[in-house]
Amino acid sequence: MFDRFGQVAFEPLPLERLGLIPKFKRLAAVQEEAATLIARYWAADRDVRTLEAGRSDARDKDLEAGARALRAGKEAPEGHTPTHESALDKDLTTVTRTRDVLERAVTDVIAEAMALKQKNAAALTREMDAAIRSRAASLAEHARQAARLYAEVEDAERDVRRLIPPPPAASLENVPAGPTRVIFAPLTRGVASPTRGDIERILAYLTSLGAPESPGEADGESRVA
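A few points on the structure. These figures come from a predicted structure and were not determined experimentally.

How each quantity is defined
- Residues numbered from 1 in each chain as written.
- Predicted model: local features only at pLDDT ≥ 70, side-chain atom pairs only at ≥ 80, totals over all residues.
- Heavy atoms only, no water.
- Core = buried A, V, L, I, M, F, W, Y, C linked by side-chain atoms within 4.5 Å.
- Buried < 20%, exposed > 50% of the residue type's maximum accessible area, 1.4 Å probe, protein only.
- Helix = DSSP H or I, 4+ residues; strand = E, 2+ residues; numbered from the N terminus.
- Expected span 1.5 Å × (residues − 1).
- Phe/Tyr/Trp six-rings, centres within 6.5 Å; stacked < 30°, edge-to-face > 60°.
- Polar contact = N/O pair within 3.5 Å; in protein donor to acceptor, adjacent residues only side chain to side chain.

## Some thoughts on the nonpolar core
Core analysis: the largest hydrophobic core is formed by 24 residues, its most contacted members being Phe10, Leu15, Phe24, Leu27, Val106 and Ile110. Sorting elements by how many residues they give to this core places helix 1 (residues 25–53) first, with eight residues.

Given below as structure tokens:
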């Protein structure tokens, strides 16, 4: 399946990332085959473009060889075989056919993948939604832990800052330089950090992603073709 710009129109489902390959083995295999064939197609397409770009150079080499032969009193130009361009045409015919065959194979495998997705649309929707919810719940738990630890760090930093004595009122311009003792260095030294409120709002949002399903949502086993 190629769009009007000549690009491959194929978006595989993230079955591996969601841990769903065991439940949709055939679709996973077809998507993997599609990825392999698409990569081979683009490699062949690059070969075709490279050869086509070299035609002018090959023609120049043949013209130069013909000119040298003519000046040496050998065959007239019409009797000189353009060896470089002929070799290029032979190679171009081979790689162009390879690209065209791969294009047909890519079209077929994408059509099969689309048919499988359509056939198993209900099961895919249900299983992918469940996998996403599971990961969202895990993310929410990590966010809750992060929020607690972040609050502890921020509160501890505030308490430490209170221990730092204020600078002396007198001017220090004439005081000789000497060793400096660092009492406290903020954790965000050198980093432009957001406010505590912004961070806590983000963590609260991530925590909310693990909210339980609404009562109306039903569970069920997948039936996969």
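## Side note on the environment of Ala146
Relative to the elements of secondary structure, Ala146 occurs in helix 4 (residues 121–163). Spatially, the C-alpha atoms of Ala146 and Thr207 are 9.8 Å apart, while their sequence positions differ by 61 residues.

## Remarks on helix 4
Along an α-helix, residues three or four apart share an orientation, since each turn contains 3.6 residues. Helix length check: helix 4 (43 residues) gives 62 Å between terminal C-alpha atoms against 63 Å at 1.5 Å per residue, within 8%. Within helix 4, burial applies to Ala123, Leu124, Glu127, Met128, Ala131, Ala136, Ala140, Ala143, Tyr150, Ala151 and Glu157.

## As for the packing of aromatic side chains
Within the structure shown, the criterion is met by one aromatic pair. With a centroid separation of 5.0 Å and 70° between ring planes, the pair formed by Tyr41 and Trp42 is classed as edge-to-face. For Tyr41, a relative accessible area of 7% puts it in the buried group.

## Focus on the side chain of Glu85
Assignment of secondary structure puts Glu85 in helix 3 (residues 83–119). Given a relative accessible area of 14%, Glu85 falls into the buried group. A distance of 3.1 Å separates polar atoms of two side chains, one belonging to Glu85 and the other to Arg55.

That is the geometry; function is a separate question.
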